[in-house]
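Chains, contacts and geometry: an overview
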Amino acid sequence: MSKEFSTFKKVIRLPHKYGAGPTFTRFYEGLKQGKIYGTKCPECGDVLVPSRSMCPKCHVNLSEWVEVSQEGVIVSWAQTDKDFFGKPGQGTYTVALIRLDATGCDFLHLLGGNLSKVKTGSRVKAVWNEEKKGHMLDIKYFEPK
Amino acid sequence: MGKKVAIVGSGQTMHGRRFDLAYPELVNEAIESCLINTGVDAKDLDGVVFGTMPSMMEGVALTHFYFADVLRAKGKPILKTETCGSTGVSLAITAYYWIASGMADLLMVVGSEKMNEGDAQATMTTILEPFYQMYFIAGAPGVFSMQSQEWSVRFGIPEEKVRDAATRLSIDHHNDAFGNPYAHIKQRLTPEQVNTARIITYPVRLWDVCPTSDGACAMIFASEKMAKKLGKKAAWVKGVGYSGEEYWFGDSDKVMWQSAIQAAKQAYDMAGIKNPRKELDVAEVYNPFTFQELLYYECFGFCDFGQACDLTLKGMFSKDGELPCDPSGGTLCTNPIGATGLIRVAEAAMQVTGQAGDHQIPGAKQALAHAMGGVDQYNGVMILGAK
Amino acid sequence: MEKKENYVIMDEVTIPYELAYGRTWTQFFDGFREEKILGSKCPKCGRVLVPMRSFCPRCFEEISQAVEVSQEGIIISWALTEYEYFGMPTKPPFIGALIKLDGSDTNFLHLIGGIDLSNPEQVRKTVKNGMRVKAVWNPEKKGHIMDIKYFEPVK
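Scope of this entry: the structure provided in the associated data block. (Residues numbered from 1 in each chain as written. Chains lettered and ligands numbered in written order. Predicted model: local features only at pLDDT ≥ 70, side-chain atom pairs only at ≥ 80, totals over all residues. Heavy atoms only, no water.)

**Notes on the packing of helix 6 (residues 159-176) of chain B against helix 11 (residues 290-299) of chain B**
Residue and element names in this part refer to chain B.
- Where helix 6 meets helix 11, the axes come as close as 8 Å, and the angle between the chain directions of the two elements is 100 degrees. With respect to helix 11, the element helix 6 is oriented roughly perpendicular. Residues Val 162, Arg 163, Ala 165, Ala 166, Leu 169, Ser 170 and His 173 of helix 6 form the contact with helix 11, whose own contacting residues are Thr 290, Phe 291, Glu 293, Leu 294 and Tyr 297.
- Looking at the contact of helix 6 with helix 11 residue by residue, the classes come out as seven nonpolar, three polar and two charged. (Axes fitted to C-alpha atoms, helices over the stretch in contact; angles between N-to-C directions. Helix = DSSP H or I, 4+ residues; strand = E, 2+ residues; numbered from the N terminus. Parallel < 35°, antiparallel > 145°, perpendicular 65-115°, else oblique. Contact = heavy atoms within 4.5 Å. Nonpolar A, V, L, I, M, F, W, Y, C, P; charged D, E, K, R; others polar.)

Structural data, given as structure tokens:
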């Protein structure tokens, strides 16, 4: 085994101001009102959520806004109890890709509530925070129906 | 030597403070403009080349993944090149190699930065290892001040003359920017304003340095065959040069600056240029600092060492001088770092194809584009011609 | 007419690192603990490089020989910094300088201190390229680049 020398511990902190732009801003405003918005592509007809300014398949600018269902189906999910740097909250952390009804892509968010019987294909429904800030986590999690 | 490589056209954003758009949307503004200007269908692209300053400038790493949608990169190969300030020229050189090798006919090249979303100096100092240099290099201004001061002392140039020459450049470029629709800072300045502006690091003052800009630039590079098919007036890559130095700032001489001298020499040799001042019609030199711009004139052989100040004051490098430098206003007026080097190439291409509008240098047929990266570490030069 | 502003999310990227010093930096900073400035001598070109390196960046020869260089040298160039940015490791005002230590073939980056930095015009009259300076050490040593407090003009 080779000799080990000492180490230098360092934390890099960089402050940022992320410009959300008009599309994410309007999406966040929707969350503040307890609504989930998507944008619809005039060429392929897909409704994309969160809303986008451009369809990534057709490269067409999107301007048609639709309110999207708050219910959908779990496409895949993963769970961990482990702590990791930057983990939001404590305890069990469950993420999932959810196909909200009538949309053309999967929506990434958290699962919560009673997950004892949850599996791919389960139907879930959005559960909201009382206080909304115009933030992705205004939706507390998606709960099995 | 490789196949001929053409530049068919480009697009730029309105550079400035752009909180009106999220970052991918800003990049898309340049790309859409470029595709419209060149008439290229993104489906026909063989690949994409992309780059920015250190990814963490905007807090999102590996931005070429983040922008895959706007880059129209789905199903296509993507190459990322990051060489700090010289990124833009490295992107152009990467595209050049790819097409010159015969392995691609049509490429889109994009550089971008959204500087206002991060702390530029704090992010840039992550280039420095933390054991030693980080404590003494206070961002770019400290480095360029040290270099400029060493140069003026070595050649016995009086401080007042250096100050006057730098002031002349600042006034000229900020005024030239009015002829460039995309430029960020456009300003009519007086010598008094420049000479008494706030000190950044002596002798560098506020009007001697570049702004913090958000912006992107997109270009189309093509093979000879493809350029003919597209039927647009093209600029041709005549010479390419890139050279660097050791990592440690104190290891090489930054006055007889070998990486700058050699990068230019490589490009000149390839383009067959023996007398740059006579054979170049316009030069888009990387000039975030007026003081450093003077040194580049000397390293690139536009004049002898120690002479740049005198010749600048005589107007040799002004828009109506013998060798106009940075008629677009240059990096001094617009600096979204990842795009800056590419903007120099785009401007040079516009000049030799007669498409530079209000800042066109009449009859320009051969142009130089340049950018520098790192702590005075790497320099890249590209020569473009009308044929 | 008021224009609606888009959201701007204020956040901080915070990433912890633990970096290996390795043999060469360890040897260099052990030298600091004994108030010695060590360089590496290339067996091929004979240049002395400060700080120590594991190989010569021009000859690519491995270097194992450490040599001690002088604590004194001359200023090659310097810059006075007065502005501040987020997370700056050395707080302004300070003078960063390249110093050619006697016996070294490369320039060493450090601070010039022991002088009044409050008046930039006065600083410019005092600090000159070519001036001789000498290392001033911190009494407490941590095996860190700042074990040298700064380089002070030699009277």
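Structure's up, so let's keep going.
**Observations concerning the nonpolar core**
All names here are of chain B.
- Among the nonpolar cores identified, the biggest contains 139 residues, and Phe 300 and Phe 302 are the most heavily contacted of them.
- No other element matches the nine residues that helix 3 (residues 87-100) contributes to this core.
- Residues lining this core come from more than one domain, with at least three contributed by each of domain 1 (5-120 + 213-236) and domain 2 (134-211 + 239-385). (Core = buried A, V, L, I, M, F, W, Y, C linked by side-chain atoms within 4.5 Å. Buried < 20%, exposed > 50% of the residue type's maximum accessible area, 1.4 Å probe, protein only. Domains from an automatic or database assignment.)

**Concerning the pattern of salt bridges**
All names here are of chain B.
- Counted according to the given criterion, the structure contains 35 salt bridges over all chains.
- Salt-bridge contacts for Asp 105 lead to Lys 225; the nearest nitrogen and oxygen are separated by 3.7 Å. Highlighted residues: Asp 105 in the loop between helix 3 and strand 4 (106-114) and Lys 225 in helix 8 (residues 224-230), separated in sequence by 120 residues.
- For Lys 225, a relative accessible area of 61% puts it in the exposed group.
- We note a salt bridge from Glu 245 to Lys 254, for which the minimum N-O separation is 2.7 Å. The residues Glu 245 and Lys 254 share a single accessibility class, namely buried. (Salt bridge = Lys/Arg side-chain N within 4 Å of Asp/Glu carboxyl O.)

**Some details on unusual backbone geometry**
- Going from A:Val49 to A:Pro50, the amide bond is cis rather than trans, its omega being 0 degrees.
- Among the secondary structure elements, A:Pro50 is positioned in the loop between strand 3 (47-48) and strand 4 (64-68).
- Between B:Tyr202 and B:Pro203 the backbone carries a cis peptide bond, its omega angle lying at 5 degrees.
- Examined against the element boundaries, B:Pro203 turns out to sit in the loop between strand 5 (199-201) and strand 6 (204-205).

**So, the pairing of strand 8 (residues 123-128) of chain A**
All names here are of chain A.
- Burial along strand 8 is one-sided: the face carrying Val 124, Ala 126 and Trp 128 is buried and the face carrying Arg 123, Lys 125 and Val 127 is not.
- Alignment of strand 8 against strand 9 (residues 139-144), held across five bridges, turns out to be antiparallel. Paired with Val 124 across the two strands is Pro 144, which belongs to strand 9. (Pairing = 2+ DSSP bridges.)

**Quick word on the environment of A:Val49**
All names here are of chain A.
- Following the sequence through the fold, Val 49 ends up in the loop between strand 3 and strand 4.
- Val 49 gets classed as buried once you look at its relative accessible area, which sits at 0%.
- Distance from Val 49 to Gln 33, taken between C-alpha atoms, is 16 Å for residues 16 residues apart in sequence.
- Among residues more than four places away in sequence, those in contact with Val 49 are Phe 27, Ile 36, Tyr 37, Leu 100, Thr 103, Cys 105, Asp 106 and Phe 107.

**Here's the deal with the sheet that holds strand 2 (residues 36-40) of chain A**
Residue and element names in this part refer to chain A.
- Strand order in the open sheet made by the three strands is 3-2-4, with antiparallel pairing throughout. A strand with exactly one partner marks an edge of an open sheet, and here the two such strands are strand 3 and strand 4.
- Sheet topology note: the strand 2/strand 3 ladder contains two bridges and is antiparallel. Bridge assignment links Lys 40 to a residue of strand 3, and that residue is Val 47.
- Against the sheet, helix 1 (residues 21-32) engages strand 2 and strand 4, with an angle of about 145 degrees to strand 2.

**Brief notes about the interface of chain B and chain A**
- Listed by partner, the interface residues are 28 residues for chain B and 18 residues for chain A.
- Taking both sides of the interface into account, the surface hidden between chain B and chain A amounts to around 1,700 Å²; carbon and sulfur atoms contribute 59%.
- The largest contributions to the chain B side of the interface with chain A come from B:Glu25, B:Asp69 and B:Glu117, which together make up 24% of the buried area.
- Applying the counting criterion to the chain B and chain A interface returns zero salt bridges.
- Counting across the chain B and chain A interface gives ten residue pairs in polar contact (both at pLDDT 80 or more).
- Looking at the side of chain B that touches chain A, the elements with two or more residues in it are helix 1 (23-38) and helix 4 (120-124) of chain B.
- When residues of the side of chain B that touches chain A are assigned to their parent elements, the largest contribution, four residues, is made by helix 1 of chain B.
- Looking at side-chain class alone, the side of chain B that touches chain A contains 13 nonpolar, six polar and nine charged residues. (Buried area = accessible area lost by both parts, 1.4 Å probe. Polar contact = N/O pair within 3.5 Å; in protein donor to acceptor, adjacent residues only side chain to side chain.)

**As for the interface of chain C and chain B**
- Facing the 43 residues of chain C at the interface are 37 residues of chain B.
- When chain C packs against chain B, close to 3,400 Å² is buried across both sides, 64% of that on carbon and sulfur atoms.
- If you look at where chain C meets chain B, you find three salt bridges.
- A salt bridge links B:Asp251 to C:Arg53; the nearest nitrogen and oxygen atoms lie 2.7 Å apart.
- Here chain C and chain B share 14 residue pairs in polar contact (both at pLDDT 80 or more) between them.
- With six residues, the single largest contributor to the side of chain C that touches chain B is strand 5 (residues 72-81) of chain C.
- Taken together, the residues of the side of chain C that touches chain B sort by class into 27 nonpolar, ten polar and six charged.

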